[in-house]
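Chain by chain, the residues:
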Amino acid sequence: MPADRTATHGVATAVAHPNIALCKYWGKRDAALNLPSTPSLSLTLAPFRTETTVVWGAERDRVVFNGVENTGGEGRKIFATLDRFGERPPCEIHTGNDFPTAAGLASSASGFAALVVAANAASGANLSDVELAVLARQGSGSATRSLQGGWVEWAMGERDDGLDSHGVAIAPADHWDVRMLVVLVRSGPKEIGSTEGMNHTMRTSPYYPAWVEHAPKDVVEAREAVLARDLEKLGAITERSALRMHASMIAADPAVMYWKPETMRALEVVRTARKSGIGVWATMDAGPNVKALCSAADAATMAALFAEASLSAQVLHPGGAARVVTTAPWRETAR
Ligand code: 2P0
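Definitions and limits used
- Residues numbered from 1 in each chain as written.
- Predicted model: local features only at pLDDT ≥ 70, side-chain atom pairs only at ≥ 80, totals over all residues.
- Heavy atoms only, no water.
- Helix = DSSP H or I, 4+ residues; strand = E, 2+ residues; numbered from the N terminus.
- Contact = heavy atoms within 4.5 Å.
- Domains from an automatic or database assignment.
- Buried area = accessible area lost by both parts, 1.4 Å probe.
- Salt bridge = Lys/Arg side-chain N within 4 Å of Asp/Glu carboxyl O.
- Polar contact = N/O pair within 3.5 Å; in protein donor to acceptor, adjacent residues only side chain to side chain.
- Nonpolar A, V, L, I, M, F, W, Y, C, P; charged D, E, K, R; others polar.
- pLDDT = per-residue confidence, 0-100.
- Buried < 20%, exposed > 50% of the residue type's maximum accessible area, 1.4 Å probe, protein only.
- Near = heavy atom within 4 Å.
- Areas by Shrake-Rupley, 256 points an atom, 1.4 Å probe, with all protein chains shown as cover.
- Arc of directions from axis to C-beta.
- Phe/Tyr/Trp six-rings, centres within 6.5 Å; stacked < 30°, edge-to-face > 60°.
- Pairing = 2+ DSSP bridges.
- Axes fitted to C-alpha atoms, helices over the stretch in contact; angles between N-to-C directions.

Asks: I keep staring at the environment of L227 and nothing clicks. Help me out?
Replies: Mapped onto the elements of the fold, L227 is located in helix α6 (residues 208-227). Separated by 26 residues in sequence, L227 and D253 place their C-alpha atoms 39 Å apart. Leave out the neighbours within four places in its chain, and L227 touches I170, A171 and H175.

Asks: How should the domain arrangement of the protein chain be read in this particular structure?
Replies: For an interface, size is often stated in terms of accessible area lost upon the parts coming together. Looking at the assigned domains, one finds that the protein chain contains domain 1 (8-175 + 320-332) and domain 2 (178-318). Distance from the C-alpha centre of domain 1 to the C-alpha centre of domain 2: 23 Å. Listed per partner, the contact involves 33 residues of domain 1 and 48 residues of domain 2. Surface buried jointly by domain 1 and domain 2 totals about 3400 Å² across both partners, of which 71% is contributed by carbon and sulfur atoms. The tally of links from domain 1 across to domain 2 stands at two salt bridges. For the salt bridge of R223 with E153, the shortest nitrogen-to-oxygen distance reads 2.7 Å. Inspection of the region where domain 1 meets domain 2 yields 11 residue pairs in polar contact (both at pLDDT 80 or more). For the side of domain 1 that touches domain 2, the secondary structure elements donating two or more residues are β2 (19-23), β5 (40-46), β10 (151-154) and β11 (167-171). For the side of domain 1 that touches domain 2, the element with the most residues is β5, which contributes six residues. Taken together, the residues that form the side of domain 1 that touches domain 2 break down as 21 nonpolar, eight polar and four charged.

Asks: How should the confidence of the model for the protein chain be read in this particular structure?
Replies: Residues shown with low pLDDT carry predicted positions that ought not to be read at fine detail. Confidence along the protein chain averages 93 in pLDDT terms, with 95% of residues attaining 70 or more. Low confidence marks residues 331-335, where pLDDT is under 50. Its contacts with residues over four positions away, or in another chain, come to four contacts.

Asks: Before we go on, may I ask you to explain the pattern of salt bridges in this structure?
Replies: Two side chains with opposite charge may pair up if their charged atoms get near one another. Counted under the stated rule, the structure contains 19 salt bridges. Across the salt bridge formed by E92 and R62, the nearest N and O atoms sit 3.6 Å from each other. With E92 in strand β9 (residues 91-97) and R62 in strand β7 (residues 62-65), this residue pair connects regions lying 30 residues apart in the sequence. In terms of burial, E92 and R62 fall into one category: buried. Residues E221 and K217 are paired through a salt bridge, measuring 3.4 Å at the closest nitrogen-oxygen approach. Taken together, the residues E221 and K217, both in helix α6 and four residues apart, mark about one turn of the helix. Taken together, the salt bridges that share partners define one network made up of K217, D218, E221, R240 and R244.

Asks: Honestly, the site of the ligand in this entry has me stumped. Any pointers?
Replies: In the vicinity of the ligand there are 18 residues, among which Y25, K28, G141, S142 and T195 approach most closely. One of the side-chain N or O atoms of K28 is found 2.5 Å from an oxygen atom in the ligand. With respect to the ligand, the backbone of G141 contributes an N or O atom lying 2.7 Å from an oxygen atom. Relative to its unbound accessible surface of 470 Å², the ligand loses 92% to contact with the protein. Looking at the shell around the ligand, the element that brings in the most residues is helix α5 (residues 194-204), giving three residues.

Asks: Teacher, can you tell me more about the environment of D160 here?
Replies: By the element assignment, D160 lies in the loop between β10 and β11. Sequence-wise, D160 and D30 are 130 residues apart; in three dimensions their C-alpha atoms are separated by 8.7 Å. Leaving out residues up to four positions away in the same chain, D160 has contacts with D30, L33 and L35.

Asks: Which parts of the structure should I look at to understand helix α9 (residues 299-308)?
Replies: Three or four residues apart is the spacing at which side chains of an α-helix point the same way, because the helix has 3.6 residues per turn. The complete set of buried residues in α9 reads A299, M302 and F306. The buried residues of α9 occupy one face: seen down the axis, they fall within an arc of 65 degrees. Away from the buried face of α9 by more than 90 degrees, exposed residues A300 and E308 are located. Summarising the contacts, the buried residues of α9 are in contact with β12 (178-183), α8 (261-275), β13 (280-284), β14 (290-295) and β15 (313-318). Phi turns positive, to about 60 degrees, at S310, one or two residues after α9.

Asks: Please clarify how the packing of aromatic side chains should be interpreted in this entry.
Replies: The full count for this structure, using the stated rule, is four aromatic pairs. With a centroid separation of 4.7 Å and 65 degrees between ring planes, the pair formed by Y25 and W154 is classed as edge-to-face. With a gap of 129 residues between them, Y25 in the loop between β2 and β3 (28-30) and W154 in strand β10 connect regions that are remote in the sequence.

Asks: Just checking my understanding: could you explain the sheet that holds strand β6 (residues 50-56) for this structure?
Replies: Paired through their backbone hydrogen bonds, the strands of a sheet run either parallel or antiparallel. Strand order in this open sheet of six strands is β8-β7-β9-β6-β1-β16, and the pairing throughout is mixed. The open sheet is flanked by β8 (68-69) and β16 (323-328), the only strands paired with a single partner. Of the strand pairs in this sheet, β7 and β8 are connected by two bridges, and their pairing is antiparallel. Within β8, the residue paired with V64 across the bridge is E69. This element, helix α1 (residues 75-83), spans β6, β7 and β9 of the sheet and lies at about 125 degrees to β9.

Structure follows, in structure tokens:
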């Protein structure tokens, strides 16, 4: 959906928070349009954030990531996303995360959400929220959920063109004051990227059809639990969605196995705490790190329990939508 007109020059900076799925996305029904095989449901989380500046009209296409020029292939998806805004001049992207990148902490979600919001402002394309959510999805599926704050559902959609498959807020960040603890087991990049991992699971796992069959019901029930602020119900769905997703990848041939010994240790802390009466449930993404969902009141106790097991946890809380923080008229600057 190229815009009719975009600016020749413009600069804008946007911020976005990552999101963690409570009901996971793992697999694509259309690879070209990046349409998912299942619906998913997530919580956008602060204070982790990506900040991205788009210079629309630069000497050449260039990406500077955390202060270092990116000369690898990662820029390809970024510029493909900018191409979808319509005819464009060369662009410079300055982007950075204040949390580990590509470690299963949803950096591509906040990254592509911040990118499309900044590009929309810098280019003057003035696309609607839905148009931006579709562009973010094409960049990286989970990014369509980081455009919105709080509790977000991403429908599979029914249309072949995918225009009905994008993140939609079901409740704002202040609807429910829960906490997500991130237990950082490894901060380096994951061994297998999400896209590759899910494509391989789709092709080779005999458990993949079962994953796809059961996921939609989880999303319906999770939505009800969010709206009713029923942590026990949401927690149970959250943990089983993550474990079923991992079961489908572990059953791939060869297995996609993100788990490390500390992963098991963190999961054991969660299970033991739950047996002792604390309302806490685990989730995991495409990496060995464990996230634990609990009430605001139990977050400090859970952080202490992880510390006792020699695991360090950061406490995140519901965060707001992706947003423009500054725009500036273009001017030539010395580089
Ligand atoms: C999720 N993940 O729902 C799931 C759970 C990882 C595990 O979305 O191929 O970077 O770019 O659409 O969004 C990570 O995959 O994948 C992801 P692409 P993406 O959060």
